[in-house]
Amino acid sequence: MIQFPDSYDTIEVPAGGVVRSGGTDLQQRLRAENARPTIVDLTGVDGFAGISSSPDGVRIGGGTTMAAVAAELDASHPALAIATGSLATPQVRAYGTIAGNLTQHTRCWYYRHPEMSCFKSGGDSCPARTGRHLYGVVFDRGECVHPHPSTIAMALLCYETTLILADGSSKTMDELLGDGNDPTRDHLLADGDVIAAVHVEPGWTDERGAYFRSISRFEAEWPLVEAVVRARVDDGVIAEVALAVGGVATVPLRMTAAEAILVSSELTDETIAAAAAACTEGANPLPETGYKVDLVLATVTETLERLRAAGE
Amino acid sequence: MVAIQTTVNGEAHELQLDGHESAVDVIREQLGLTGTKLVCAGGVCGACTVQIDGTPAVGCLTPATALRDREVTTVEGLGTDGDLHPVQRAFMAHDGLQCGYCTPGFVVDAATFVDRWQREHGTSEPDRHTIADALAGHLCRCGAYEGIYRAVAAACRGDFASETGVSLRVDGRAKVTGDAVYTADVYPDDALEAVIVRSPIAAGTVGPISSDSAEHLVDLLDDDRRVRYAGQPIAAVAAPTLIEARQLAADLSVRIEPAPFVIDPDDALASDAPLVYESRAAKKTAPNAAEGPMAPARWQGNLRGPNPTPWLGTLAKRRVKKARSQGAKGHVALHFETAVQLHSSFEPHATVADWSDPDRLRVWTSTQALDHVAHELADHFGVEPGKIDVVSDFIGGGFGSKLSVTPDMTAAIELSRRARKPVRLVLSRAEELTATGNRPGSRTDVDMVVSDDGDLDAMVLDGQSLTGVSINSPYTALATLVYGRSPRLARDSDIVANAPPGTPFRGPGGPTYAWALEQSVDQAAHQIGMDPIDLRRRWDGNDKRQALYDWASNLPVWSDRPATGTQTGRYQRGVGIASGNWLYMVDPDTEVEVSVCHGRLLVRNATQDMGTGSKTVLARAVAGVFDVPVADVDVEIGRAGSRALHGPTSGGSRTTASIHSTAIEAAEKLKAEVGVDLGSAEGASATATRGGDHSMRPVPITFANLQLGRGFSAAVHVSEVEVDTLTGKTRVVSVHGGLAIGVPHARELAISQCEGSIIQGIGLALYENQILDPHSGVTLTSNLEDYRIPQLGDTPEITIHFHEPGWEHVPGGGVGLGEVATISPAASVGNAIFNATGHRPTTLPVRPDRLLEGLR
Ligand SMILES: Cc1cc2nc3c(=O)[nH]c(=O)nc-3n(C[C@H](O)[C@H](O)[C@H](O)COP(=O)(O)OP(=O)(O)OC[C@H]3O[C@@H](n4cnc5c(N)ncnc54)[C@H](O)[C@@H]3O)c2cc1C
Ligand code: SF4
Ligand code: FES
Ligand code: FES
């Protein structure tokens, strides 16, 4: 069964049904599971795709492709744009959407394996914790040990962001992600909730942004660790800054301790090192993820160096 | 169901959809446009790429409903008015392909890139980084990346805007247009789709299998009804659609009595470990991981071996012991580990069988051993010769995983026999990355004793192959063949476990021995303060490799290399060398016929071309004799049946050396008979048989269709890396590959093979790693995101050099290269990392986590 609602009012997701935007996550899972749930395809909803700006910020329709986010917000929201433009592949960015990115399911290899069951697929354990978790979390905060998949969620943590749902209600990023303690869910939307749009505060004047992911190959690989930063720099001194790290916990993490070090400072090697070190505070790696402590340090260092270079 | 309108390649279509389909399935199955391939089904490889309103999309992740009211362009519609797109011509002319399975996706995407580039930049040439960035959504397992770079750059320059461009391969056009039909593309009318039911658990005994609805069910188990690894085939079922077949498989009632199992090699060696093979009889059923015959060996629990290969072995051990006790400067003692590597051919194992007419069995199958498989299948199913045809026209890669009769073949044929309908059985990527074989992992202890002035005094290697449920994967024995005749001892064992079976993989044992041996040599040179090339020169009795050392030592990248461990910055550059050694094999029973058919030359036998270029080798050989353009020669291989002439298996690097000179001989015979005026010679033909070599010495070993010839082929690889010591990432910057395989027949294609070998070696060195769940034995890396193969952007600048003398005793003066070219690349990368950082990476793959730990 498939439905094509044409307005937000007519969206009704039946029990067991799923909504679909670009399909770049859903189609893969449907094939792997040989599943045929009722699909509510949002691509025909009036106003679902597209970006509009106003003095209080930008409204990004949930069905806006990641390629459009990367291209159109390049000047106003560089951190969000660069991070979005660096994920997945050109083909996936051209069709995958911002709403789908925020609500995609975890890439944990146990979760995605049809022979395995875990908290997230209706089971009652985490086989990754006792098994293999090479790509797992380094801030261990709940029962699930696979990092949150969304690069865009990490970037949006750095902004005042409001999610607007199809029924007109709204949610903050914290309300979407929670604290990562519930191992059964990737996000806290209720069944049938649909993200209609993402509202983001205006960029700062002369805002700079930088992003980096640590991977083993050239690109198009899920990050081992990723980091994003946005900043306003006055006369070489950081006036405002927001920094977040992904690939490290069941939710992306805003790094406020590091921000406190950065703000009112110049981006010297010393400041960068201190900020990067601050990002590893509280890390409690799993048996196989000790290396991610080093990588948090490395990734934040490189991200801040790129921020510095962005101003030159 | 919904009906949507769409335009595909300029033609309007109405599609009936239920909404779950992905675009790639509808394009292939409803529209019959099979140029678009399904490989990873996960958005990683790009083989399914089509343009939607001019923007490339991955068909596997694009809902079919998204094609509504759109203009879709597939590879079949890429050109205009029957003319090819310049990118297609460039891929043909610059050989941006081998097996061709990834090619449609690449050209469909590259076409949009080139058009956009030329709009924005005219006919300037983009750099490699720009091309890699644009095509980051594509992978090529054959590693045709150098050709792809060349092709895309040339198309951007406008080289192929008007001119036709000549294909380097005789089947290049079929591959860039999507016309090439692979087994997975064969959709007979009324065919059933079949799937294999696999064991979800690592060990157990399977009860009777029954199903209420599976009218088409075959049992695939042996009489003992044991399963020994998670993913092992149990049965196969067929139904009108794949979705129904998969549902049937899921609903099948299969009772498995679980048995104790063991996954980890150390656990497997424990005295109380459950036995993978519980009895003598059971041991006899263990699959052979090697291409060669099975050497007898003793078992102790799950350990099979050790099998010693000694030469003054006791003396070797004594010298090692002495050197160790004295703490000798030239004593190298190192432990190495390699990971399980998966072939991951882009066309999965696939068979389509049609036995609807009881008097005629037709089989399409993706195999690198067509003639062999055709005979085995005829035997197995009791089909009289003349009543079976087996076709393997285009093969999307094999790399050793498609050398024998596999369950997809027997299951599809048996299901077709019962159903009296054609049956398709195409494995999924998850199955392909779990259960179709692998290069076994290994653990090696090396002791090497080198005197202060650089003599090799002794060498002892202990190797354990992690063969899963297979046995017989010796590799340290190969290490004894390379350097001189000083005392040495190699001991090879297999550790069996309830893990997927090891199989031959391009140069079986080769990269594995080289990872240990070549790094130990490098370490010895370092310890005694000698140049690693000079040290090898002292020991190496192979004069062809000596010539390659001369070549390597003159490379600027080698002479400019830094002193080991002297760098301090974040990015550290290093250069490493490693050499490779391989056997020369030939199929003396190879027959080739050259005939005149429809006024044209036709060359044929029952070999196959999996991207290695055999079609082109045959065509060029015949064209050379008749002095006609290669395009004037038709090639008919990939068919075994009543009229077939014996063709070699593409394994053991034997194909080219077997077919090339035989084709020349047959062509010369025909020419002697009919002259060059083919007009009056319709129907004339001549056949030649390869036979052994004109050699002074007898050939040492022969078994069915395989002879070990005289001489060793040789390779030397010099790799340059840049290590980011902050993030633990290694980038291979350049590789020089020197090969002594005599005259390379079809030189450009030979170069492409050598380049692909280097890229697969980089995969082995840095990324590739099958990972199992330790508690269940389930393969976790069963997709192309988690099983990481090299990307276009990981390709170093590659230079290939051939040293041609030394093979004059071989007809045609050249031998195979598919395997010798794969032995040393990974080891040379390991040595380069050592040179760069002073840290020797002994465990594969050298991932960021390992390197960071090593550098800490
Ligand atoms: C090779 C590859 C690499 C990738 N790498 C990265 C990466 O590095 N970082 C990263 O962040 N992502 C990565 N991705 C994931 C990719 O970004 C997501 O697949 C994509 O963003 C999903 O968007 P979509 O519109 O296609 O979602 P869909 O597939 O349509 O939906 C995804 C999920 O969201 C739900 N959903 C969709 N729309 C809505 C809505 N409006 N409201 C509520 N729920 C909704 C669906 O029910 C489904 O569960 C990668 C993907 C691939 C294939
Ligand atoms: S609970 Fe989380 S980490 Fe554990 S298996 Fe499930 S998805 Fe993976
Ligand atoms: S098959 Fe679609 S990207 Fe690989
Ligand atoms: S040519 Fe690319 S996969 Fe074979």
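Before going further, it helps to spend a moment on the pairing of strand S19 (residues 441–450) of chain B. Remember that side chains alternate between the two faces of the sheet whenever the strand is regular. All names here are of chain B. Counting buried positions over the 10 residues of S19 gives 9, a clear majority of the element. Inspection of the sheet shows strand S14 (residues 331–338) paired to S19 by 8 bridges, in the antiparallel sense. If you follow Thr338 over to S19, its bridge partner there is Ser442. Pairing geometry for S19 and strand S20 (residues 456–468), over 10 bridges, is antiparallel. Paired with Gly441 across the two strands is Leu466, which belongs to S20. Between S19 and S20, which pair antiparallel and follow one another directly, the connecting turn spans 5 residues, one of which, Gly454, has a positive phi of 95°.

Contacts between the two partners involve 65 residues from chain B and, on the opposite side, 54 residues from chain A. Both sides of the chain B and chain A interface together cover about 5,100 Å² of buried area, and 55% of this is carbon and sulfur. By the criterion of area lost to chain A, the three top residues of chain B are His20(B), Leu61(B) and Arg788(B), representing 14% of everything that side buries. Here chain B and chain A share 7 salt bridges between them. With a shortest N-O distance of 3.7 Å, Arg570(B) and Glu305(A) are connected by a salt bridge.

All names here are of chain B. The 8 strands lie next to each other as S8-S10-S6-S18-S15-S16-S17-S26, forming an open sheet whose pairing is mixed. The sheet is open, and its two borders are formed by strand S8 (217–219) and strand S26 (639–640), each paired with just one other strand. Sheet topology places S8 next to strand S10 (residues 233–239); 3 bridges connect them, and they run antiparallel. If you follow Leu217 over to S10, its bridge partner there is Val237. Across the sheet, helix H11 (residues 370–381) is in contact with strand S15 (350–357), strand S17 (388–391) and S26; its angle to S17 comes to roughly 145°. In the packing of helix H12 (residues 407–419) onto the sheet, contacts are made with strand S6 (192–198), S8, S10, S15, strand S16 (360–365) and strand S18 (423–426), and the angle to S15 comes to roughly 25°.

Quick look at the site of ligand 1 now. Around ligand 1 lies a shell of 37 residues, among which Val19(A), Ser21(A), Thr24(A), Thr97(A) and Thr103(A) are the nearest. Two or more chains meet at ligand 1, and those chains are chains A and B. Note that an oxygen atom of ligand 1 is positioned 2.8 Å from one of the backbone N or O atoms of Leu26(A). Note that an oxygen atom of ligand 1 is positioned 2.9 Å from one of the side-chain N or O atoms of Arg213(A). When the free accessible area of ligand 1 is taken as 970 Å², the share hidden by the protein chains comes to 97%. For the shell around ligand 1, the secondary structure elements donating two or more residues are strand S2 (18–20), helix H1 (26–33) and helix H5 (98–103) of chain A. Along the lines of polarity and charge, the residues of the shell around ligand 1 split into 15 nonpolar, 15 polar and 7 charged. Inspection of the shell around ligand 1 shows a minimum of three residues originating in each of domain 1 (2–106 + 148–200) and domain 2 (208–310) of chain A.

The subject of this paragraph is the pattern of salt bridges. Oppositely charged side chains are able to pair whenever their charged atoms sit close together. The tally for this structure, following the rule as stated, stands at 68 salt bridges over all chains. Note that Glu785(B) and Arg107(A) form a salt bridge whose closest N and O atoms lie 3.3 Å from each other. Highlighted residues: Glu785(B) in the loop between helix H21 (747–767) and strand S31 (797–802) and Arg107(A) in the loop between H5 and helix H6 (127–130), drawn from two different chains. With respect to burial, Glu785(B) and Arg107(A) carry one shared label: buried. Several salt bridges share partner residues, and in doing so they unite Asp25(A), Arg29(A), Arg107(A), Arg112(A) and Glu785(B) into one network.

Residue and element names in this part refer to chain A. Domain parsing of chain A yields domain 1 (2–106 + 148–200) and domain 2 (208–310). Relative placement of domain 1 and domain 2: their C-alpha centres are 25 Å apart. Each side of the interface is counted separately: domain 1 has 22 residues, and domain 2 has 23 residues. When domain 1 packs against domain 2, close to 1,700 Å² is buried across both sides, 68% of that on carbon and sulfur atoms. For the domain 1 face of the interface with domain 2, the top three residues by lost area are His148, Met154 and Cys158, together amounting to 36%. The tally of links from domain 1 across to domain 2 stands at 0 salt bridges. Only helix H3 (78–85) and helix H7 (151–156) provide two or more residues apiece to the side of domain 1 that touches domain 2. Per-class residue counts for the side of domain 1 that touches domain 2 are 14 nonpolar, 7 polar and 1 charged.

Each pair of packed helices gets described by two things: the angle between the helix axes and the distance between those axes. All names here are of chain B. Here helix H15 (residues 510–528) crosses helix H23 (residues 825–837) at 35°, and the two axes come no closer than 8 Å. Relative to H23, H15 is oriented so that their crossing is right-handed. Residues Ala514, Trp515, Glu518, Gln519, Asp522, Gln523 and His526 of H15 touch H23, and the partners they reach there are Ala826, Ala827, Gly830, Asn831 and Phe834. Among the residues making up the contact of H15 with H23, the classes are represented as 5 nonpolar, 5 polar and 2 charged.

Okay, the nonpolar core next. One finds Phe91(B), Val152(B) and Met448(B) to be the most contacted residues of the largest nonpolar core, which totals 142 residues. With residues near it in sequence (within four places) discarded, Phe91(B) still touches Gly96(B), Leu97(B), Thr103(B), Phe106(B), Val107(B), Ala110(B), Ile148(B), Ala151(B), Val152(B) and Val176(B). Among the nonpolar cores identified, the runner-up in size contains 92 residues, and Leu134(A), Val145(A), Ile152(A) and Leu189(A) belong to it.

Evaluation of the coordinates by the stated rule reveals 8 aromatic pairs over all chains. With a centroid separation of 5.3 Å and 50° between ring planes, the pair formed by Trp109(A) and Tyr135(A) is classed as tilted. Residue Trp109(A) is found in the loop between H5 and H6, and its partner Tyr135(A) is found in the loop between H6 and H7; the two are separated by 26 residues along the sequence. You'll find Trp109(A) and Tyr135(A) in the same group, each marked buried. A ring pair is formed by Tyr101(B) and Tyr182(B), whose centres lie 4.8 Å apart and whose planes are at 85°; its orientation type is edge-to-face. You can see Tyr101(B) sitting in the loop between helix H2 (86–93) and helix H3 (103–121) and its partner Tyr182(B) sitting in the loop between helix H6 (172–177) and S6, a full 81 residues away along the chain. Taking the relative accessible area as the measure of exposure, Tyr101(B) reaches 1% and is therefore buried. Grouped by ring-pair contacts, the aromatic residues Tyr101(B), Tyr182(B) and Phe394(B) constitute a single cluster. The side chain of Arg68(B) reaches across the aromatic face of Phe4(A), ending 4.7 Å from its centre.

About the thresholds
- Residues numbered from 1 in each chain as written.
- Chains lettered and ligands numbered in written order.
- Predicted model: local features only at pLDDT ≥ 70, side-chain atom pairs only at ≥ 80, totals over all residues.
- Heavy atoms only, no water.
- Buried < 20%, exposed > 50% of the residue type's maximum accessible area, 1.4 Å probe, protein only.
- Helix = DSSP H or I, 4+ residues; strand = E, 2+ residues; numbered from the N terminus.
- Pairing = 2+ DSSP bridges.
- Contact = heavy atoms within 4.5 Å.
- Buried area = accessible area lost by both parts, 1.4 Å probe.
- Salt bridge = Lys/Arg side-chain N within 4 Å of Asp/Glu carboxyl O.
- Axes fitted to C-alpha atoms, helices over the stretch in contact; angles between N-to-C directions.
- Near = heavy atom within 4 Å.
- Polar contact = N/O pair within 3.5 Å; in protein donor to acceptor, adjacent residues only side chain to side chain.
- Areas by Shrake-Rupley, 256 points an atom, 1.4 Å probe, with all protein chains shown as cover.
- Nonpolar A, V, L, I, M, F, W, Y, C, P; charged D, E, K, R; others polar.
- Domains from an automatic or database assignment.
- Left-handed = near helix turned anticlockwise from the far one by under 90°.
- Core = buried A, V, L, I, M, F, W, Y, C linked by side-chain atoms within 4.5 Å.
- Phe/Tyr/Trp six-rings, centres within 6.5 Å; stacked < 30°, edge-to-face > 60°.
- Lys NZ or Arg CZ within 6 Å of the ring centre and 35° of its normal.

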